[in-house]
Amino acid sequence: VSNRGLGVGAYAITKNENLTVSGRYSYWHNLSRRDEAEQTTVTTGDITEASSDSKVDICMNNLSNWHNGSVEVSYEIDSLNLLTGEVGMDLGNSRQDQEQLFNATSPLTGSPLYEFNGEYRTRTSRHSINVSADYQRLFKKKNRIFTMSYRLSSSPRKSNYDIGFTDISYSDNWRDFVRNMNDQNVLGDVNTTEHTLQADYTTPIGKLHTIETGLKYILRYNKSDMDEYDRNVMTGNEEFVFDNENSSHYKHRNNILAAYFGYSLKTKKLTTKAGMRYEHSLQDVEQTLGKGEDFSKRFNDVVPSINFGWKISDKRNIRLGYSMRIYRPGINHLNPYM
């Protein structure tokens, strides 16, 4: 328990001969808190009739709840074969309510130009699902290992964002400014789903050499749907109208094929490891609604790595290494909705 929230967690494990099962769960509740702020803008330099000094009084409340849990199962078929699996999930929702009081005055006369109250409401729900399954095969020859793995991850997020304006007053010269204000309702549906298949094989050759090799396939699917509905505050119309111009439906698919090969040499003093990884990416982007255009790209990347280690004594070592990594943007970076 803290002054900003409270939580609880639990963990359990059981083992019966070759089977092991463990599970964990945690929950956190952020207490609602009230934040207040004030923002002021003052005109400087050349002051004209179109100039304005403005002030915004802000009052905000936040509240959120989060659940996290997983179950892991491990089954030892025999001394050489092992199966493991895990299912994990995060669930959370948050709420933010914000009220802003806007008012502006003329720096020439001090007379009021406009005043209105803005109410902002955001509701967000986030989920994260992770599933994995692994098979490990050992051999009678020491340090020879074969593994196969599968991973599934999905992180959908839904949001509902509302803006409403009330208690509007204005001078005649600022009518056009108020006329362009719209109440808004924005519905968001964002998700990234990723499937990963991988196989790896490691084997020693003699006493000094080791070879590693592997294959990997990744299917990554990003989606972002944002639907905006507007209602002009001056017309008195109670119906929200779909804004086709500012809404967007976006899809981004990545198919990634990869293979690697590595070689290691280890003596009493020297340790050397060198490797090469090749990746081929197929990227397809589809904008079913919005201003963007569909396109496809193909990428080929060769990524080297090399490491040297020298044992000077039992207490001193020198290491030198070079490697590269490929980082691919997630939906939070790719999302085209403004």
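One numbering rule holds for all chains: residues counted from 1, following each sequence as written. Owing to the predicted nature of the model, reporting of local features is limited to residues with pLDDT of at least 70; listing and counting of side-chain atom pairs is limited to 80 or more, with chain, interface and lining totals taken over all residues. Only heavy atoms go into the side-chain values, all of them from the structure, while hydrogens and water stay out.

(A) Inspection of the nonpolar core at higher detail. Residues belong to one nonpolar core when they are buried, are Ala, Val, Leu, Ile, Met, Phe, Trp, Tyr or Cys, and are joined through side-chain atoms within 4.5 Å. Burial classes: relative accessible area under 20% of the type maximum marks a residue as buried, over 50% as exposed, and values in between as partly exposed (1.4 Å probe, protein chains only). In terms of nonpolar packing, the biggest core is built from 14 residues, with Phe-102, Leu-113, Tyr-114, Phe-116, Tyr-120, Phe-165 and Met-181 touching the most fellow members. Secondary structure elements follow DSSP: runs of H or I no shorter than four residues count as helices, runs of E no shorter than two count as strands, and numbering proceeds from the N terminus. Looking at this core, the elements with two or more residues in it are strand E3 (53-76), strand E4 (81-105), strand E5 (112-138) and strand E7 (157-170). Sort the elements by how many residues they give to this core and E5 lands first, with four residues. Every residue pair with non-hydrogen atoms within 4.5 Å of one another is taken to be in contact. When sequence neighbours within four positions are dropped, the list of residues in contact with Phe-116 reads Gln-100, Leu-101, Phe-102, Phe-165, Thr-166, Asp-167, Ile-168, Phe-177 and Met-181. Among the nonpolar cores identified, the runner-up in size contains eight residues, and Met-226, Ile-331, Leu-334 and Tyr-337 belong to it.

(B) Structural view of the layout of surface pockets. Buriedness of a pocket was judged along seven lines, with at least five required to meet protein on both sides within 12 Å; pockets are open sets of points on a 1 Å grid over the protein atoms alone, cavities are sets where a 1.4 Å probe fits but cannot get out, and lining residues have an atom within 4 Å of a point. Grid points are joined across faces, edges and corners, and a volume is the space filled by probe spheres set on the points. Approximately 710 Å³ is the volume attributed to the largest pocket. Lining the largest pocket are 30 residues; nearest its centre among them are Tyr-260, Arg-277, Glu-279, Met-324 and Arg-325. Those elements giving two or more residues to the lining of the largest pocket turn out to be strand E8 (182-205), strand E9 (209-232), strand E11 (248-266), strand E12 (270-289) and strand E13 (295-311). Under this grouping Gly is polar, as are all residues other than the nonpolar Ala, Val, Leu, Ile, Met, Phe, Trp, Tyr, Cys and Pro and the charged Asp, Glu, Lys and Arg. Looking at the lining of the largest pocket residue by residue, the class counts come to 14 nonpolar, seven polar and nine charged.

(C) Seen up close, the environment of Gln-184. Summarising the element assignment, Gln-184 is placed in strand E8. Residue Gln-184 is classed as partly exposed on the basis of its relative accessible area, which comes to 22%. Along the chain, Gln-184 and Asn-307 lie 123 residues apart, while their C-alpha atoms are 56 Å from each other. Apart from the residues within four sequence positions on either side, Gln-184 is in contact with Tyr-161, Asp-162, Ile-163, Glu-228, Tyr-229, Asp-230 and Phe-240.

(D) Just the packing of aromatic side chains, in detail. Think of it this way: a Phe, Tyr or Trp ring, Trp meaning its six-membered ring, pairs with another when their centres are within 6.5 Å, and the plane angle makes it stacked under 30 degrees, edge-to-face over 60, tilted otherwise. Within this structure, the stated rule accounts for six aromatic pairs. Between Tyr-114 and Phe-116, the ring centres sit 5.9 Å apart and the planes meet at 20°, which makes this aromatic pair stacked. Each ring, one from Phe-116 and one from Phe-165, has its centre 5.6 Å from the other, and the planes form 80°; the classification is edge-to-face. Of this pair, Phe-116 sits in strand E5 while Phe-165 is found in strand E7, placing the two residues 49 residues apart along the sequence. With respect to burial, Phe-116 and Phe-165 carry one shared label: buried. Cluster of aromatic residues (ring-pair linked, three or more members): Phe-102, Tyr-114, Phe-116, Phe-165 and Trp-174. Criterion for a charge above a ring: Arg CZ or Lys NZ at most 6 Å from the ring centre, at most 35 degrees from the ring normal. For Arg-137, the ring lying beneath its charged end belongs to Phe-139, and the centroid distance is 5.0 Å.

(E) Highlighting a negative patch on the surface. Patch construction takes residues with relative accessible area above 30% that form no salt bridge. Like charges are linked within 9 Å, and nonpolar side chains (Val, Leu, Ile, Met, Phe, Trp, Tyr) are linked within 5 Å. Throughout, the Shrake-Rupley method with a 1.4 Å probe supplies accessible areas, and for residues the shown protein chains are the sole cover considered. Salt bridge, as used here: a side-chain nitrogen of Lys or Arg that lies within 4 Å of a carboxyl oxygen of Asp or Glu. We treat Lys and Arg as the positive residues and Asp and Glu as the negative residues; His and chain ends play no part in the count. The atom standing in for a charge is NZ when the residue is Lys, CZ when it is Arg, CG when it is Asp and CD when it is Glu. Where like charges cluster on the molecular surface, the negative patch consists of Glu-99, Glu-115, Glu-119 and Asp-167. For Glu-119, the location among the structural elements is in strand E5.

(F) Spotlight on the pairing of E11. Bridge count for E9 against E11 is 18 bridges, and the pairing is antiparallel. Note on E11: the bridge partner recorded for Thr-210 is Ser-264. Note that E11 and E12 share 18 bridges and pair antiparallel. Considered in E12, the bridge of Lys-251 is made with Glu-286. Remark: three residues form the turn of the hairpin made by E11 and E12, two consecutive strands paired antiparallel. Two strands qualify as a pair provided DSSP detects at least 2 bridges between them.

(G) Structural detail: the pattern of salt bridges. Per the counting criterion, the structure on display carries 16 salt bridges. The partner of Glu-212 in a salt bridge is Lys-273, with the nearest N and O atoms 3.2 Å apart. You can see Glu-212 sitting in strand E9 and its partner Lys-273 sitting in strand E12, a full 61 residues away along the chain. With a relative accessible area of 19%, Glu-212 lands in the buried category. The salt bridge involving Glu-245 is made with Lys-291; its shortest N-O contact spans 3.5 Å.

(H) View of the environment of Asp-57. Following the sequence through the fold, Asp-57 ends up in strand E3. Each C-alpha atom of the pair Asp-57 and Ile-326 lies 45 Å from the other, and the pair is 269 residues apart in sequence. The contact partners of Asp-57, leaving out residues within four places of it in the chain, are Ala-37, Glu-38, Glu-99, Gln-100 and Leu-101.

(I) Up close: the confidence of the model for the protein chain. Every residue gets a pLDDT, meaning the predictor's confidence in that residue, from 0 to 100. When pLDDT is averaged along the protein chain, the result is 92; 99% of the residues meet or exceed 70. The secondary structure element of the protein chain with the lowest average pLDDT is helix H1 (residues 175-179), at 77, and the one with the highest is strand E6 (residues 145-154), at 97.

(J) Structural view of the side chain of Asn-254. With respect to the secondary-structure elements, Asn-254 resides in strand E11. Excluding anything up to four places from it in sequence, Asn-254 contacts Ile-218, Leu-219, Arg-220, Leu-282, Gln-283 and Arg-328.

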